[in-house]
Amino acid sequence: MRPSKRLERIPPYAFAQLERKIAEKLAAGVDVISLGIGDPDRPTPPLIVEAMQEAVTEAETHRYPSNRGRADFRAAVRDFYERRFDVTLDAEREIIPAIGAKEAIFNLNLAFLDPGDYALAADPGYPVYTSGPWLAGAEPVLMALEPERGFTPDLEAIDDEVAAASKLMYLNYPNNPTGAVVPEGFFEHVVAFARANEILVVHDNAYSEIVFDGYRAPSFLATPGAKEVGIEVFSLSKGYNMTGWRCAVVVGNAEAIETYWRLKTNIDSGLFEAVQLAGVAALSPDCDAEVASMNELYRRRRDLVCEALRGIGVEVTPPHGTIYVWAPVPDGFASSAAYCEHVLEQAAVVLSPGAIYGPAGEGWFRISLTTPDDRLLEAVERLGALGG
Ligand SMILES: Cc1ncc(COP(=O)(O)O)c(C=O)c1O
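Criteria and cut-off values
Residues numbered from 1 in each chain as written. Predicted model: local features only at pLDDT ≥ 70, side-chain atom pairs only at ≥ 80, totals over all residues. Heavy atoms only, no water. Helix = DSSP H or I, 4+ residues; strand = E, 2+ residues; numbered from the N terminus. Rg over C-alpha atoms; globule rule 2.2 N^0.38 Å. Buried < 20%, exposed > 50% of the residue type's maximum accessible area, 1.4 Å probe, protein only. Contact = heavy atoms within 4.5 Å. Areas by Shrake-Rupley, 256 points an atom, 1.4 Å probe, with all protein chains shown as cover. Lys, Arg positive; Asp, Glu negative; His and termini not counted. Charge placed at Lys NZ, Arg CZ, Asp CG, Glu CD. Pairing = 2+ DSSP bridges. Axes fitted to C-alpha atoms, helices over the stretch in contact; angles between N-to-C directions. Left-handed = near helix turned anticlockwise from the far one by under 90°. Nonpolar A, V, L, I, M, F, W, Y, C, P; charged D, E, K, R; others polar. Phe/Tyr/Trp six-rings, centres within 6.5 Å; stacked < 30°, edge-to-face > 60°. Lys NZ or Arg CZ within 6 Å of the ring centre and 35° of its normal. Near = heavy atom within 4 Å. Polar contact = N/O pair within 3.5 Å; in protein donor to acceptor, adjacent residues only side chain to side chain. Expected span 1.5 Å × (residues − 1). Right-handed = clockwise from strand over helix to strand, strands pointing away.

Q: What is the right way to read the overall build of the protein chain from this model?
A: A count of helical and extended segments in the protein chain gives 14 helices and 12 strands. For 388 residues, the compact-globule estimate of 2.2 N^0.38 gives 21 Å, and the protein chain sits close to it at 21 Å. Expressed along its principal axes, the backbone C-alpha trace of the protein chain runs to roughly 55 × 55 × 50 Å. In the protein chain, buried positions account for 55% of the 388 residues. Within the protein chain, counting contacts between residues at least 6 apart in sequence, those at least 24 apart form 76% of the total. Summed over its atoms, the accessible surface of the protein chain is roughly 16,700 Å², and 52% of this surface lies on carbon and sulfur atoms. Here the protein chain contributes 34 positively and 56 negatively charged side chains, and the mean placements of these two sets differ by 4 Å.

Q: Just to check I follow, could you spell out the sheet that holds strand E6 (residues 200–205) for this structure?
A: In a beta sheet, neighbouring strands pair by backbone hydrogen bonds and run either parallel or antiparallel. With mixed pairing, 7 strands are arranged side by side in an open sheet as E2-E8-E7-E6-E5-E3-E4. At either end of the open sheet lies a strand with only one pairing partner, and these are strand E2 (95–98) and strand E4 (139–144). The sheet shows a mean angle of 25° between the axes of neighbouring strands, direction not considered. Lying over the sheet, helix H4 (residues 71–85) contacts E2, E6, strand E7 (230–235) and strand E8 (248–252), oriented at roughly 65° with respect to E8. Sheet contacts for helix H10 (residues 254–264): E2, E6, E7 and E8; angle to E2, the most-contacted strand, approximately 35°.

Q: Help me understand the sheet that holds strand E12 (residues 364–368), please; the structure alone is not making it clear to me.
A: Spatial ordering of the open sheet is given by E9-E12-E11, a layout of 3 strands whose pairing is antiparallel. Each edge of the open sheet carries a strand with a single partner, namely strand E9 (324–328) and strand E11 (352–353). Direction of pairing for E11 relative to E12: antiparallel, over a ladder of 2 bridges. Following the sheet pairing, Pro353 is matched in E12 by Phe365.

Q: Teacher, can you tell me more about the packing of helix H3 (residues 46–56) against helix H11 (residues 273–282) here?
A: The description of two helices packed together rests on the angle between their axes and the distance between the axes. Put simply, H3 and H11 touch, their axes get as near as 8 Å, and they point 145° apart. Two packed elements cross with a definite hand, and for H3 against H11 that hand is right-handed. Between H3 and H11, the contacting residues are Leu47, Ile48, Ala51, Met52, Ala55 and Val56 on the first element and Ala274, Val275, Leu277, Ala278, Ala281 and Ala282 on the second. When its residues are assigned to classes, the contact of H3 with H11 shows 12 nonpolar, no polar and no charged.

Q: I tried to follow the packing of aromatic side chains on my own but got confused; where do I start?
A: For any pair of aromatic rings, the description consists of the separation of the ring centres together with the inter-plane angle of the planes. Scanning all chains against the criterion turns up 18 aromatic pairs. Their ring planes at 70° and their centres at 6.4 Å tell us that Trp326 and Tyr357 sit as a pair that is edge-to-face. Remark: Tyr357 occurs in the loop between E11 and E12 and Trp326 occurs in strand E9; sequence separation between them is 31 residues. Tyr357 carries the same exposure label as Trp326, and that label is buried. Ring centres of Phe333 and Tyr339 lie 5.0 Å apart, and the angle between their planes is 70°; on these two criteria the pair is classed as edge-to-face. Taking relative accessible area as the criterion, Phe333 reaches 29% and is therefore assigned partly exposed. Across from the ring centre of Trp261, 3.8 Å away, lies the NZ or CZ of Arg68, which sits over that ring.

Q: For this particular structure, what's the right way to read the pairing of E7?
A: Moving residue by residue along a regular strand, the side chains alternate between the two faces of the sheet. A large share of E7 lies buried, amounting to 6 of its 6 residues. Residues Gly230, Glu232 and Phe234 of E7 are buried on one face, and the alternating residues Ile231, Val233 and Ser235, pointing to the opposite face, are buried as well. Across 5 bridges, the pairing between E6 and E7 is parallel. Pairing of Val202 across the sheet is with Ile231, part of E7. Pairing analysis gives 5 bridges linking E7 to E8, with the strands arranged antiparallel. Residue pairing in the sheet places Phe234 in a bridge with Val249 of E8.

Q: Can you walk me through the site of the ligand in this structure?
A: Near the ligand lie 14 residues; those nearest to it are Asp204, Tyr207, Ser237, Lys238 and Arg246. Lys102 is positioned with one of its backbone polar atoms (N or O) 2.9 Å from an oxygen atom of the ligand. In this structure, an oxygen atom belonging to the ligand sits 2.6 Å away from a side-chain N or O atom of Ser237. Protein burial of the ligand: of its 400 Å² of free accessible surface, 92% is covered by the chains. Broken down by class, the residue content of the shell around the ligand amounts to 5 nonpolar, 5 polar and 4 charged.

Q: Please clarify how helix H12 (residues 288–311) should be interpreted in this entry.
A: One turn of the α-helix equals 3.6 residues, which is why residues spaced by three or four share an orientation. Between the first and last C-alpha of H12 there are 35 Å, a value that for 24 residues agrees with the 34 Å anticipated at 1.5 Å per step. Those residues of H12 that sit buried are Val291, Met294, Asn295, Leu297, Tyr298, Arg301, Arg302, Val305, Cys306, Ala308 and Leu309. Where H12 is buried, its residues contact E9, E12 and helix H14 (373–385). Looking one or two residues beyond H12, the residue adopting positive phi is Gly313, at roughly 85°.

Q: How should the pairing of strand E3 (residues 118–123) be read in this particular structure?
A: A large share of E3 lies buried, amounting to 5 of its 6 residues. On the question of chirality, the crossover connecting E3 to the parallel E4 by way of helix H6 (residues 128–135) is right-handed. As paired strands, E3 and strand E5 (residues 166–171) are joined by 4 bridges and run parallel to one another. Across the sheet, Ala119 pairs through a bridge with Leu168, a residue of E5.

Put into structure tokens, the structure is as follows:
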């Protein structure tokens, strides 16, 4: 049995060695605390769970859903985008459900890329921005997010030939893994670049609802001209503690959405209608207070982590959004993996080495804020005890 050449091109999972070490420690009875994965630890808000409970008893939700999505779900997304981002969407042509952002991001590659095509991918970035193009037989081209540019890529530095052969561009703000929010004017620059090079921009909006310090994350589609060149993938996973529910939408350019729909009708059978009805509850203003209280929790955790890092001499910028703290590897370690291994050995705390998110992540590490307070406190105490 041989896997496809496409699958064989996917590099081995960079976290594998660390995972083996974690498993060994756990087997030896060591109390390991993981600050690795970004999966909200708090339950889905009751309002959403109750909407699901009711929806799931309705026989009408039990049949194959339409890949176009329920009219009431699309209307809820339209109203949310208007209320939250000041973006007007046509619920018939500019909104379609996705079975999580990961599904959408992967399938967009199949919908738009042929062998020989390029997809421009933020580096460091969500791994599907590179594995997706590879699995579609195309090539990802990494755009390094530069700290001195607020973790944006230098679009001017992209080679003309590469730009001409690129059909997609993946961006994500608020950003995983760096926690950066989009600098003023950057999206305008992206629209101009995409227009000049006929590139479809895919803005991965997985974290817009997790923000602090009064910051409000914009939609890419609020940028003038964005809808002509782009789509946005909005996920309910992180902001509403719904990672297991698989609820997202693709919104924006109608032609791109029609192409994605055409692909999807050949691949899956749509998003469970009861999940769509739970999504309606999540996106209603009634849920705003839940989101605000989660943000307060993450802000407290962020401050706790940043203080502990400073205590051991790590210079860190507190992020205005996301569930991550991104920090430079202290001097004296050869790589992000070496530092994370050291912390695991000495403090039994799991951190994510920056290099697993792409070569530009080397020299950094990521802490996820999705660990219950008592364990997070214990973890930062252990980090503090490592000394500066
Ligand atoms: C930037 C980014 N995009 C997309 C996803 C996946 O979201 P979903 O659960 O909707 O598939 C994640 C999850 O970690 C993410 O960090």
